[in-house]
Amino acid sequence: MTIDLKTIKHIAKLSRISVSDEKAKKLAGDLNSIFDFIEKLNELKTEKITPLTSIAETTLKLRHDEIKSKNIREQIVKNSPEKNEDYFVVPKVIE
Amino acid sequence: MSDITKQTLSDLVKNIKAKKLSSEEVTKDFIQRSEKSNKLNAYITEDFSNALQKAKKFDQKPDFNLKLPGIPIAVKDLFCTKDVMTTAGSKILNNFIPTYESTVTQNIWNEGGILLGKLNCDEFAMGSSNETSYFGNVQNPINENLVPGGSSGGSASAVCAQLTPITIGTDTGGSIRQPASFTGTVGLKPTYGSCSRYGIVAFASSLDQAGPMAQNVKDCALLQEIISTYDTKDSTSIDFKRSQYSQDLNKNIKGKKIGIPKEYRVDGMPKEIEDLWQKGIDYVKDCGAEIINISLPHTKYALPTYYIVAPAEASSNLARYDGVKYGFRAKGENLIDMYEKTRSEGFGAEVQRRIMIGTYVLSSGYYDAYYLKAQKVRKLIKNDFDEAYKKVDAILTPSTPSSAFKIGEKKDDPVSMYLNDIFTVPVNLAGLPGISIPAGHDSKGYPLGLQIIGKAFDEQNILNIAYAMEDKINFKNKISDWWIK
């Protein structure tokens, strides 16, 4: 299998990472060599195997739905690159 | 008292408790040595003046019942530390100051530990050489031209160079054990669910585990005893009865059954590694353990499985870095453009590669072929271990297929870099504990490690085996302080 430039651009779009043509070419090379390596899994027949979805074979514990952190609004926006009082600021989305 | 930084953790604790040393004296010495060791680039953030203040405060009102009474400790920069910058080795978190503390670090401070600073690591713990860090590569104290391994490269380098008596790292595919092996130090990756993941910058959530790194097995056991706690803030934290690992540590491994998996004899493995493994086998036999040949037939599929599962989880975990809530933001013409530029400029090449792989294997039409397939093979790998543990108590393997390699040697070849983790990745996939201990040197004088893999929750057993072997091996690290002018 080969991943072409068009697919690279599509994955980049889904990943929300901007890629130049030059970077896409480099990524295509890297990803193709990595997928060549991954394809080894196709040697195995796995139709009847149940996938492992959780490594810790315990049931998740239930807990009461209680508010544990109060008045942390300031802490939440503290590290924001751009804020306005209690709000995160983003580039304008509605004209 | 001279040579404070050369002392083991156990000796420092003893000397502080006996009032032969003050926390201030100890902290000062580690700070001074760290300051002289800038060339190693082990630190991303130093917190020295705060550390000294905390040490003085401890000395004014010492509590000698604590397990780490006034002991200064630097930690991997993947653990969130309240009010101290936490970068995960990435530009995208270059200005991030957590408003909360990770459970694992909190456990250390609760026992009297004092934060010295934050240690360098591969970006988001993605790497095996510490070369993907935005803050530059770290040098291996063993030799100027060598990588310290990764992703916990700064941690391994700092313990090896005695800039901190002990440290903590994280291990997703070998990130504690491989750098421990490359620097002649001890590193334990605990059972999945043993140490809380709360407050650790996430890479691959079903594989990530925090663990101790130290100069010897006893110190490693003590730190594990402190950091391993059940935590309701991490829904995958497991509530099991934890041993008092350092108190219960003993060298009696007579009658233990140790498995030797034939599949770990990989093609192209240097003879030195093979010989080291044989030496390890002889050591455990000398201790009265029984050697049993076993098979882990799906070993060769572990790395391909890992390189689907880990990037898939990473691509989801790293979706949160959008330039809105925290971290770096690039200017964009509109919202989407801002996201794309932020992530393109904020993440390094390896992280972008893994996000792309993860996005691809989870994307519509490919999910079954890759992600589901990998989860099925992961089950087969876990079944291999379950079968083996019907016959043996622990498994002995080399930690890595080679000793530390040169800086830059594998940087441009992702697959050859990934092959470093061939012996460590299966352990993460199966959620098991594994410890790497220094076991000898190669012909160049670089350290080599052996790995002991245990049953789930059986840390005490592998620590005991490591403790018994350590005694026989009598390993001495060759450090010349070349980096100090």
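What you see is a predicted model; the values in this text were computed from it and never measured.

Some points on the sheet that holds strand β1 (residues 43-46) of chain B
Residues and elements named next belong to chain B.
1) Next: Spatially, 3 strands are ordered β1-β3-β2 in an open sheet, and the strand pairing comes out mixed. Looking at strand neighbours, the two that pair on one side only are β1 and β2 (72-76), the edges of this open sheet. The sheet shows a mean angle of 35° between the axes of neighbouring strands, direction not considered.
2) Next: Across 5 bridges, β2 lies against strand β3 (residues 114-119) in parallel orientation. By the bridge assignment for β3, Ala74 is matched with Gly117.
3) Next: Strand contacts of helix α3 (residues 48-60): β1, β2 and β3, with the helix running at about 160° to β3, the strand carrying the most contacts.

Details of the environment of A:Ser80
1) Next: Position of A:Ser80 among the secondary structure elements: in the loop between α3 (73-78) and β1 (83-84).
2) Next: If near-sequence neighbours (up to four positions away) are discounted, A:Ser80 is found in contact with A:Phe88, B:Val324, B:Lys325 and B:Tyr326.

Side note on the confidence of the model for chain A
1) Next: Chain-level statistics for chain A give a pLDDT mean of 91 and a share of 99% at 70 or above.
2) Next: Confidence, read as mean pLDDT per element, is least for α3(A) in chain A (92) and greatest for helix α1 (residues 5-15) of chain A (96).

A few points about the sheet that holds strand β7 (residues 257-261) of chain B
Pairing between the strands of a sheet comes from backbone hydrogen bonds, and it takes one of two forms, parallel or antiparallel.
Residues and elements named next belong to chain B.
1) Next: The mixed open sheet is built from 8 strands, whose spatial order is β4-β6-β5-β10-β11-β9-β7-β8. Where the open sheet ends on each side, the last strands, each with one partner, are β4 (167-171) and β8 (290-294). This sheet shows a mean twist of 30° between the axes of neighbouring strands, independent of strand direction.
2) Next: Pairing between strand β5 (residues 186-189) and strand β6 (residues 209-214): 2 bridges, direction antiparallel. Paired with Val186 across the bridge in β6 is Ala214.

A short note on the pairing of β3(B)
Residues and elements named next belong to chain B.
1) Next: The element β3 is extensively covered by neighbouring structure, given that 6 of its 6 residues are classed as buried.
2) Next: Of the pairings in the sheet, the one linking β1 to β3 comprises 3 bridges and is antiparallel in character. Bridge pairing in β3 places Tyr43 opposite Leu119.
3) Next: Read from β2 through helix α4 (residues 103-110) to β3, the crossover connection turns out right-handed.

What about the interface of chain A and chain B?
1) Next: On the chain B side, the residues contacting the 38 residues of chain A number 51 residues.
2) Next: Every element with two or more residues in the side of chain A that touches chain B is listed here: α1, α2 (21-38) and α3 of chain A.
3) Next: It is α2(A) that provides the largest number of residues to the side of chain A that touches chain B, a total of 7 residues.
4) Next: Tallied by class, residues from the side of chain A that touches chain B come to 22 nonpolar, 10 polar and 6 charged.

Cut-offs applied
Residue positions are given per chain, counted from 1 along the sequence in the order it is written. Whichever chain is written first becomes A and whichever ligand is written first becomes 1, with later ones labelled in order. Two thresholds apply to this predicted model, a pLDDT of at least 70 for residue-level local features and 80 or more for giving and counting side-chain atom pairs, whereas whole-chain, interface and lining totals are computed over all residues. Any two strands are treated as partners once DSSP identifies two or more bridges connecting them. Here a strand is any run of E in DSSP of at least two residues, a helix any run of H or I of at least four, and the numbering for each starts at the N terminus. To get an axis, a line is fitted to the C-alpha atoms, and for a helix only the part in contact is used. The angle between two axes follows their N-to-C directions and goes from 0 to 180 degrees. Any pair of residues counts as being in contact when their C-beta atoms, constructed from backbone geometry, are within 7 Å of one another. A residue's pLDDT is simply how confident the predictor is in it, with values from 0 to 100. To sort residues by exposure, count the other C-beta atoms lying within 10 Å of each residue's C-beta; 20 or more gives buried, 12 or fewer gives exposed, and values between give partly exposed, all with C-beta atoms placed from the backbone. Orienting the strands away from the viewer, one traces the path from the first strand over the helix to the second; a clockwise path indicates a right-handed crossover. For this classification, Asp, Glu, Lys and Arg are treated as charged, while Ala, Val, Leu, Ile, Met, Phe, Trp, Tyr, Cys and Pro are nonpolar and the rest, including Gly, are polar.

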